[in-house]
Amino acid sequence: MAEMSDVWFVDGVRTPFGRAGEKGMYWNTRADDLAVKATIGLMERNGGLPADRVDDVAIAATSQTGEQGLTLGRSVAILAGLPQTVPGFAIDRMCAGAMTSVAMMGGAIGSGMYDVALAGGVEHMGHYPIGGNADPNPRFVSEKMVDPGALNMGVTAERIFDRYPHLTKERSDRFGMLSQHKAQAAYDAGKFQPDLVSVAIKSADGAWGLATEDEGRRPQTTMDDLAALKTPFRPHGRVTAGTSSPLTDGATMSLLASGGVVKELGLKPKMRMVSFAFAGVQPEIMGIGPIPSTEKALRKAGLTISDIGLFELNEAFAVQVISLLDHFGIADDDPRVNQWGGAIALGHPLAASGVRLMIQLAAQFAERPDVRYGLTAMCVGLGQGGSVIWENPHYNGKKR
């Protein structure tokens, strides 16, 4: 008889994130191979876990075609050398793909159906541009279910500015600049490197190299630089490349386990899942999605926003993050928020990003025993938001 269980985030790793396109470091690398590298790296780091104990592998991708098709969870598990007894499947919730992989596997573990699962995501936006193979049903527009602009994420970000005029372009620019500065400071302090799995890469001329760090960072960014950028989504708009996540290639993978397995195998988990929630909003203004999903997750956890000591919020667009902060009365530069920078600097390989947020939160928990709860949250295309609340196993009850 299955019993309810705690759900533990035991570990997570990711590939370095690369710029999408022909000049990016992964142009000659397959998407599924990125996921394979992350999976192998994760299993090698957790050698005390017998591979045949993995109950399932969930891997997300937004564009499920070509290298990102063929039931990624299963194909990547085989390619990574897991026993053929280990099943797997693919999942899609666009930007919240990996977050959904973790949530669904966490639900399976919490209900006692699974003991151990791998959950992650991959996106090769160079090979499969966002929406490139999509064929939206014409009823969306013909029956006025959504405005045509709802299918363009940059247009939806501009509409947040329209709805909330006090979220100014200057605030957005400053948030984007600080993301770059914080990410470089974290690199300089060695914060990211322990959780990165190096990837062998091949250049156009056939030379081999090694991807060891995120490729798209611009640490020298200034407010003047950002003020001079074009606004591609609207003439005289407020969203620029400097306040948006760049097109990115990369993969993430996490290891989740039940309380029983953690105890049996002597695992040292990094976080405990407290609650998760997903919510829908108007597709035309999809960036506000994490607001209702966070409110829902807080209710399910019996917590308030003041209980959250660390925030890892996906920076699809700077204005999208500051809309959530503004709603909850949190300053744009609150030190609890994205203290190592975010997707504006590091990149956002769509379906992979949710686990990146978790990896960074887990690493911060280890440094902050004074913090009990953390939040990972993100907006999702077509008007959705996703949020997961985590508890720090290192919490000692002492305020800083």
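Residues numbered from 1 in each chain as written. Predicted model: local features only at pLDDT ≥ 70, side-chain atom pairs only at ≥ 80, totals over all residues. Heavy atoms only, no water.

1. Here's the deal with the packing of aromatic side chains
Basically, it comes down to this: Aromatic pairs are defined between Phe, Tyr and Trp rings, using the six-membered ring for Trp, whenever the two ring centres lie within 6.5 Å; interplanar angles under 30 degrees are classed as stacked, those over 60 as edge-to-face, and all others as tilted. Counting from the N terminus, the helices are DSSP H or I runs at least four residues long and the strands are E runs at least two residues long. Categorising residues by exposure relies on relative accessible area from a 1.4 Å probe, with only protein chains included: less than 20% of the type maximum marks a residue as buried, more than 50% marks it as exposed, and the intermediate range marks it as partly exposed.
If you walk through the whole model with that rule in mind, you get four aromatic pairs. Centroid distance F9 to W390: 5.7 Å. Interplanar angle 75 degrees. Geometry classified as edge-to-face. Here W390 lies in strand β12 (residues 384-391) and F9 lies in strand β1 (residues 7-14), a separation of 381 residues in the sequence. Grouping residues by exposure puts F9 and W390 together as buried.

2. Focus on helix α10 (residues 318-327)
Here is the rule: The criterion used for residue contact is that any of the two residues' heavy atoms lie within 4.5 Å.
Burial analysis of α10 places eight of its 10 residues in the buried class, which makes it a mostly covered element. As for α10, its buried residues are in contact with α5 (153-163), α6 (169-188), α9 (290-301), β10 (308-313), α11 (343-346) and β11 (373-380). Backbone geometry just downstream of α10 places G329 in the positive-phi region, at approximately 75 degrees.

3. As for the pairing of strand β9 (residues 271-280)
The test is simple: At least two bridges found by DSSP between two strands are what make those strands a pair.
The element β9 is extensively covered by neighbouring structure, given that seven of its 10 residues are classed as buried. Pairing between β1 and β9: two bridges, direction antiparallel. Bridge assignment links W8 to a residue of β9, and that residue is R272. As defined by bridge partners, β9 adjoins β12 across eight bridges and the pair is classed as antiparallel. Pairing of A279 across the sheet is with G385, part of β12.

4. Some points on the pairing of β11
The buried fraction of β11 amounts to eight of the eight residues, a majority that puts the element mostly inside the structure. Burial along β11 is two-sided: the residues Y373, L375, A377 and C379 and G374, T376, M378 and V380 are all buried. In terms of strand pairing, β10 meets β11 through five bridges, oriented parallel. Residue pairing for β11: L313 is matched across the bridge by A377. One ladder, built from eight bridges, connects β11 with β12; its direction is antiparallel. Its bridge partner being in β12, A377 is matched across the sheet by S387. Here β11 folds back onto β12 in antiparallel fashion, the turn holding three residues, of which L382 has a positive phi close to 65 degrees.

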